[in-house]
Each structure stands twice: as C-alpha cells, then as structure tokens.
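Take a look at the letters that make up each chain.
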Amino acid sequence: MNASPIGRVLGGSDALTRLRDHAARLVRMQRTIDQVLPRANRGRVAVANLQDGELALHVSSAALAARLKLSVPTLLMNLQNAGEPVTGIRIRVRARGEMAEPPADAVSPRSIGQGGKQSLKALQSSLKEDSALARALGEMIAKSR
C-alpha cells in the first residue's frame, strides 16, 4: 500500500507544509527551552509562536515571567546555537487553567532532620495556636520525612 491519503494531502499543499514545518520548529524550541530551564519550571513555560524572529512564550505566573526575563539572554543563545532563527523573546502571563501544571516530580520533597524538627516544634509551640505561622509550621512538620 502507498503512503497514507492524509500524508499525501499534507505533503501536497504548500500552506500545509509550511504549517507542519512551523509546528515542528515550535516543538524543537520547546524541547530546547525545557532542557535549559530549571526542573521546577518545566511545564510552566510554553512556546506559543514564532513570528518575524520573535519567540512568544507563555508562562503561568507573573513571578515566573519576572524570573524568566532574567534568563532571556541564555534562552536566546541556546536557541540560536540550536540553529533556530530567534532574534528576540516576548513573555506573556496566561491565566490559570490555560497553562499546563508543572510535572508532579518537578519539586522533590526535602527531608528535615530530627534536630530541625525539634527546632520547628519548639518554634511552633512558642506561637499562638491559631496563628498562620504556627499552622504552616505544623503542616511542614507533618509532611516532613
């Protein structure tokens, strides 16, 4: 049997070929960016588009956008070294629900030693029971390994 009918249709149209190539380029750029980003930020930065050399990235929060803006020179250099025609990067914050959640293993839990737990418990007991800090310390102690 010959190539699939959909393959012939997609391969036969200049517009569809350009669209397929553009999508493949965006996927390559996403992989490059994911390799450069800290593990905790993977999945929170999405390649949105490339137009006239300017790469549009969507992020999940304003804080992440601020941190990412500091990494723009590094991202740009890595993309250019990978052969991508990027001359600038624009970062936009997307509303919750529009971005993928970070991977579950992005932030690894850290253990707290016995001495640290005792210090946290002592600090917690010195605070008012209904204070936000005391509740947060209680949760941290309960979740610690």
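The shown structure was predicted, so the numbers you read here are calculated from the model rather than taken from an experiment. (Residues numbered from 1 in each chain as written. Predicted model: local features only at pLDDT ≥ 70, side-chain atom pairs only at ≥ 80, totals over all residues. Heavy atoms only, no water.)

Another aspect to go through is helix 3 (residues 62–70). Given 3.6 residues to a turn, an α-helix orients residues that are three or four positions apart in the same direction. Within helix 3, the full set of buried residues consists of Leu64, Ala65 and Leu68. Angularly, the buried residues of helix 3 cover 100° about the axis, an arc narrow enough to put them on a single face. Exposed side of helix 3, more than 90 degrees from the buried face: Ala62, Lys69 and Leu70 are the residues found there. Structurally, helix 3 contributes buried residues whose contacts are with strand 1 (45–51), strand 2 (54–59), helix 4 (72–81) and strand 3 (88–93). (Buried < 20%, exposed > 50% of the residue type's maximum accessible area, 1.4 Å probe, protein only. Helix = DSSP H or I, 4+ residues; strand = E, 2+ residues; numbered from the N terminus. Arc of directions from axis to C-beta. Contact = heavy atoms within 4.5 Å.)

The biggest cluster of nonpolar side chains holds 20 residues, and the ones touching the most others in it are Ile33, Leu55, Leu57 and Ile89. Those elements giving two or more residues to this core turn out to be helix 2 (14–36), strand 1, strand 2, helix 3, helix 4 and strand 3. Residue contributions to this core peak at 4 residues, all from helix 4. Once residues lying within four places of it in the same chain are set aside, the contact partners of Leu55 are Met29, Ile33, Val47, Asn49, Leu50, Leu79, Val86, Gly88, Ile89 and Arg90. (Core = buried A, V, L, I, M, F, W, Y, C linked by side-chain atoms within 4.5 Å.)

Counted by the stated rule, this structure contains 4 salt bridges. Between Glu84 and Arg25 there is a salt bridge, with the nearest N and O atoms lying 3.7 Å from each other. Placement of Glu84 in the loop between helix 4 and strand 3 and of Arg25 in helix 2 is noted, with a sequence separation of 59 residues between them. The partly exposed category is assigned to Arg25, whose relative accessible area is 28%. Through salt bridges with shared partners, one network takes in Arg25, Arg28 and Glu84. (Salt bridge = Lys/Arg side-chain N within 4 Å of Asp/Glu carboxyl O.)

Quick look at the side chain of Glu84 now. Relative accessible area serves as the criterion here: at 7%, Glu84 is assigned to the buried category. For Glu84, the side chain forms a polar contact with the side chain of Arg28, separated by 3.2 Å. Glu84 has contacts with Arg25, Arg28, Met29 and Leu79, leaving out every residue within four places of it along the chain. (Polar contact = N/O pair within 3.5 Å; in protein donor to acceptor, adjacent residues only side chain to side chain.)

With that settled, the discussion passes to the pairing of strand 1. Strand direction decides the pairing type here: strand 1 and strand 2, joined by 6 bridges, are antiparallel. Note on strand 2: the bridge partner recorded for Gln51 is Glu54. A loop of 2 residues connects strand 1 with strand 2, the two strands running antiparallel in sequence, and Asp52 in this loop sits at a positive phi of about 50°. (Pairing = 2+ DSSP bridges.)

The strand order across the open sheet built from 3 strands is 1-2-3, with neighbouring strands paired in mixed fashion. Because the sheet does not close on itself, it has two edges, and the strands there are strand 1 and strand 3. When strand polarity is set aside, the average angle formed by the axes of neighbouring strands in this sheet is 25°. Where strand 2 lies against strand 3, 6 bridges are found, and the strand directions are parallel. (Axes fitted to C-alpha atoms, helices over the stretch in contact; angles between N-to-C directions.)

Turning next to the packing of helix 2 against helix 4. Put simply, helix 2 and helix 4 touch, their axes get as near as 10 Å, and they point 130° apart. For the element pair helix 2 / helix 4, the angle class is oblique. The hand of the helix 2/helix 4 crossing is right-handed. Contacts between helix 2 and helix 4 involve Met29, Thr32, Ile33 and Val36 from the former and Thr74, Leu75, Asn78 and Leu79 from the latter. In terms of residue class, the contact of helix 2 with helix 4 is built from 5 nonpolar, 3 polar and no charged. (Parallel < 35°, antiparallel > 145°, perpendicular 65-115°, else oblique. Left-handed = near helix turned anticlockwise from the far one by under 90°. Nonpolar A, V, L, I, M, F, W, Y, C, P; charged D, E, K, R; others polar.)

These figures capture arrangement, not role.
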